[in-house]
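# Structure assessment
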Amino acid sequence: MAGDFDAVVIGAGFSGMYMLKSLRDRLGLKVRVYEAGDSVGGTWYWNRYPGARCDSDAYIYCFTFDKQLLQEWEWTERYPTQPEILRYLEHVAKRHDLKRDIQFSTKVTGAEFNEDTNLWTVRTDKGERVTAHHLIAAVGTLSTTNMPGFKGLDKFKGKWYHTSRFPKEGVDFTAKRVAVVGTGATAVQAIPEIAQQAKQLTVFQRTANYCVPARNGKVDPELVKARKADYDNIVQRIRESFFGQEHYFIPKSALEVSKEERERELDKRWDAGGFAFWLANYQDMFFSKEANDVIADYLKRKIRVTVKDPKVAEKLIPKGYYYGTKRQPLDTNYFETFNKDNVLLVDAKADGPIEEITEKGIRAGGKEYEFDIIVFATGFDALTGPLKALNLKGRRAVSLDKEWAEGPRTYLGIQVVGFPNFFTLTGPQSPSVLTNMPVAIEQHVEWVSDLIDYMRKTGKTVIEPTPEAQDQWVAHVNEVVNTTLMTSANSWYMSANIPGKPRAFLPYLGPEGVGGYRKKCDEVAAHGYEGFALV
Ligand SMILES: Cc1cc2nc3c(=O)[nH]c(=O)nc-3n(C[C@H](O)[C@H](O)[C@H](O)COP(=O)(O)OP(=O)(O)OC[C@H]3O[C@@H](n4cnc5c(N)ncnc54)[C@H](O)[C@@H]3O)c2cc1C
């Protein structure tokens, strides 16, 4: 039975935009996209905090399906700011005439699978109900704001903001007493910017972070030209790579080389800036505690040299987890900012944790700090958060929330048993946030499009993983990550940033990264979509 649409796509960031383009313009399907925001962009529509910019190099943080645009578009910096990335995505929407099939300012509030018609009924906060054959979640991995339930927030007389819901008109911090709560990748970008404006900035730190310099700036025009000339090869390389970037491990142990050689290699990566230090380091960094320790020691020394007050430096030195097991923040004058007279660091362990928000500010460690503005840089309910919020009911009206009560269970991070014809783009247990995400997004969009095309051509109407394939995938995801140090950290990768969230490693790590995962997905397709039941 035909529904109102061949496919409903939820979300209009990178994923939803390309999914629409692919299903509508390549396969000729009737598609409706719902987007909660009032325009395209996703992450780059919502995250408007000072200093917001990408950490992936721009020449690969973009769509590669549009070869002409790769040649035409000129990024102004190595890591463009949020407004520039949003301009780019608006340009893509216009160029491919995407907006006519996107309904903005509309949130999907629920969807149910009908086992008689094999259609999804999708409901929105505008009171609509539409049916669709395929339901595709392009809801993002970092799109559900995590706002810790601090006691007393409603009493605060000043203004407060979450970085992921910053006002479009911006916030003027001039002559204000400002608090930033959090020291993750977002805070590391925002703190130096806010400190330049505010009269007084107080940073509340729960966990110190290992940061490496971004080294942003104009890219040498000769390099830009060379990259444009080589784009086909670049695209192939990043698609086959581990992290969706042109970074490759040093094929040696950090412990088998001399101290001098190791320092030279680490200096090279430190000087280059960006993700090289994290993702192009010694190959045993994520596996061996001893190897990790010597690399972490390099970064700790950098903090001690940069931060003038040894007591502050000590608070900023990460403890209790291995380097690289949390998302790597890239910084521009982050540690230097703590040398400023108008910046104070309040560390949960050394000074006491936040106890409550008061009328005047924040009470931590028994002391009240007064503020005009509080900025919460407390991150997201990553990966599972936006999917659970969809309020999905699959076969026998079982909810996704219930299915995932103990953590996500998927096959290939693309489908879930009991939720036929429902697809997650960059969902849990796929490489997603461990990659330069456009690479993972394009792979998923193209693979799901091919699958839907295959179904149409072979007259299949329902697809769902087999329970055995899902069990094996879940076991494989855990087995692979358990050989690494990643599970030791209380990171958002491990679901540990949110009290009560079941502890589980959310993305899929290897063994050959996104490149190996692509091969695996292609093999599954080549074997008639092995592991899926197609009816
Ligand atoms: C501050 C920040 C910096 C980042 N930097 C990088 C980087 O340097 N490199 C990198 O690879 N990745 C980075 N990321 C990850 C980034 O999210 C991805 O690169 C990419 O933008 C994801 O695109 P997406 O379309 O999958 O999801 P999103 O961009 O998150 O878009 C999802 C959209 O779905 C909408 N949505 C969700 N639920 C519903 C619903 N129920 N109804 C209607 N609409 C809904 C949301 O409003 C949102 O617009 C960053 C993320 C953040 C937050």
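Relevant structure appears above.
Overview of the structure. (Residues numbered from 1 in each chain as written. Predicted model: local features only at pLDDT ≥ 70, side-chain atom pairs only at ≥ 80, totals over all residues. Heavy atoms only, no water.)

## Side note on the overall build of the protein chain
Helices and strands together make up the secondary structure of the protein chain, namely 17 helices and 20 strands. Since a compact globule built from 535 residues should have a radius of gyration of about 24 Å, the 23 Å found for the protein chain is in line with a globular shape. With the C-alpha coordinates of the protein chain rotated into their principal frame, the extents come out at 70 × 55 × 45 Å. Across the 535 residues in the protein chain, those meeting the buried criterion constitute 58%. Expressed as a percentage of contacts within the protein chain between residues at least 6 apart in sequence, the contacts between residues at least 24 apart total 72%. When the accessible surface of the protein chain is totalled, it reaches about 21,800 Å², and 49% of it is carbon and sulfur. Positive and negative side-chain charges of the protein chain, numbering 71 and 70 respectively, have mean locations separated by a distance of 3 Å. (Helix = DSSP H or I, 4+ residues; strand = E, 2+ residues; numbered from the N terminus. Rg over C-alpha atoms; globule rule 2.2 N^0.38 Å. Buried < 20%, exposed > 50% of the residue type's maximum accessible area, 1.4 Å probe, protein only. Contact = heavy atoms within 4.5 Å. Areas by Shrake-Rupley, 256 points an atom, 1.4 Å probe, with all protein chains shown as cover. Lys, Arg positive; Asp, Glu negative; His and termini not counted. Charge placed at Lys NZ, Arg CZ, Asp CG, Glu CD.)

## Concerning the sheet that holds strand E14 (residues 361-364)
Spatial ordering of the open sheet is given by E13-E14-E15, a layout of 3 strands whose pairing is antiparallel. Only two strands of the sheet have a single neighbouring strand rather than two, namely strand E13 (354-357) and strand E15 (367-370). Recorded for the sheet is a direction-independent mean angle of 25° between the axes of neighbouring strands. Note: E14 against E15, 4 bridges, orientation antiparallel. Following the sheet pairing, alanine 364 is matched in E15 by lysine 367. (Pairing = 2+ DSSP bridges. Axes fitted to C-alpha atoms, helices over the stretch in contact; angles between N-to-C directions.)

## Digging into the sheet that holds strand E8 (residues 177-181)
One open sheet holds the 5 strands; their spatial order is E7-E16-E8-E9-E12, and the pairing between them is parallel. Whereas interior strands pair on both sides, the edge strands pair on one side only; in this sheet they are strand E7 (159-162) and strand E12 (343-347). Direction aside, neighbouring strands of the sheet carry axes that sit 15° apart on average. Bridging between E8 and strand E9 (residues 200-205) involves 5 bridges; their strand directions are parallel. Of the residues in E9, the one forming a bridge with valine 181 is phenylalanine 204.

## Considering the pairing of E12
Across the 5 residues of E12, 4 count as buried, placing the element largely inside the fold. For E9 and E12, the ladder comprises 5 bridges, and the chain directions are parallel. When the sheet's bridge partners are listed, valine 203 is paired in E12 with leucine 345.

## A closer look at the site of the ligand
Near the ligand, the surroundings consist of 35 residues, among which Ser15, Thr43, Asp55, Tyr61 and Met437 are the closest. At 2.5 Å, a side-chain N or O of tyrosine 61 approaches an oxygen atom of the ligand. Relative to its unbound accessible surface of 970 Å², the ligand loses 94% to contact with the protein. Of all the elements in the fold, those that place two or more residues in the shell around the ligand are helix H1 (14-26), helix H2 (43-46) and helix H15 (437-458). The element best represented in the shell around the ligand is H2, accounting for 3 residues. Here the residues of the shell around the ligand are counted per class, giving 17 nonpolar, 14 polar and 4 charged. (Near = heavy atom within 4 Å. Polar contact = N/O pair within 3.5 Å; in protein donor to acceptor, adjacent residues only side chain to side chain. Nonpolar A, V, L, I, M, F, W, Y, C, P; charged D, E, K, R; others polar.)

## Concerning the pattern of salt bridges
Opposite charge on two side chains permits pairing when their charged atoms draw close. Under the definition given, this model contains 40 salt bridges. A salt bridge links arginine 100 to aspartate 97; the nearest nitrogen and oxygen atoms lie 2.7 Å apart. In this structure aspartate 97 comes out as partly exposed when scored by relative accessible area, which is 38%. The residue lysine 519 makes a salt bridge to glutamate 512 at a minimum N-O spacing of 3.2 Å. Residue lysine 519 is classed as partly exposed on the basis of its relative accessible area, which comes to 48%. Residue classification places glutamate 512 among the partly exposed residues on the basis of a relative accessible area of 45%. Among the ionic contacts, a cluster of salt bridges with common partners joins Lys21, Arg24, Asp25, Asp97, Arg100 and Asp101. (Salt bridge = Lys/Arg side-chain N within 4 Å of Asp/Glu carboxyl O.)

## Details of the layout of surface pockets
Considered as a void within the structure, the second largest pocket measures approximately 290 Å³ in volume. Mapped onto the lining of the second largest pocket, the elements with two or more residues apiece are helix H3 (67-72) and helix H6 (221-229). Ranked by the residues each element gives to the lining of the second largest pocket, the list is headed by H6, at 3 residues. Residues that form the lining of the second largest pocket fall into these classes: 12 nonpolar, 1 polar and 7 charged. (1 Å grid on protein atoms, 1.4 Å probe; cavity = no way out; pocket = protein on both sides within 12 Å on 5 of 7 lines; lining within 4 Å. Points joined across faces, edges and corners; volume = space filled by probe spheres on them.)

## Brief notes about the packing of helix H8 (residues 259-272) against helix H10 (residues 289-306)
Between H8 and H10, whose axes approach to 11 Å, the crossing angle comes to 60°. Between H8 and H10, the angle is such that the two are oblique. At the point where H8 passes H10, the crossing takes the right-handed sense. Residue-level contacts link Arg262, Glu263, Leu266, Asp267 and Trp270 of H8 to Val294, Ile295, Tyr298, Leu299, Arg301 and Lys302 of H10. Per-class residue counts for the contact of H8 with H10 are 6 nonpolar, no polar and 5 charged. (Parallel < 35°, antiparallel > 145°, perpendicular 65-115°, else oblique. Left-handed = near helix turned anticlockwise from the far one by under 90°.)

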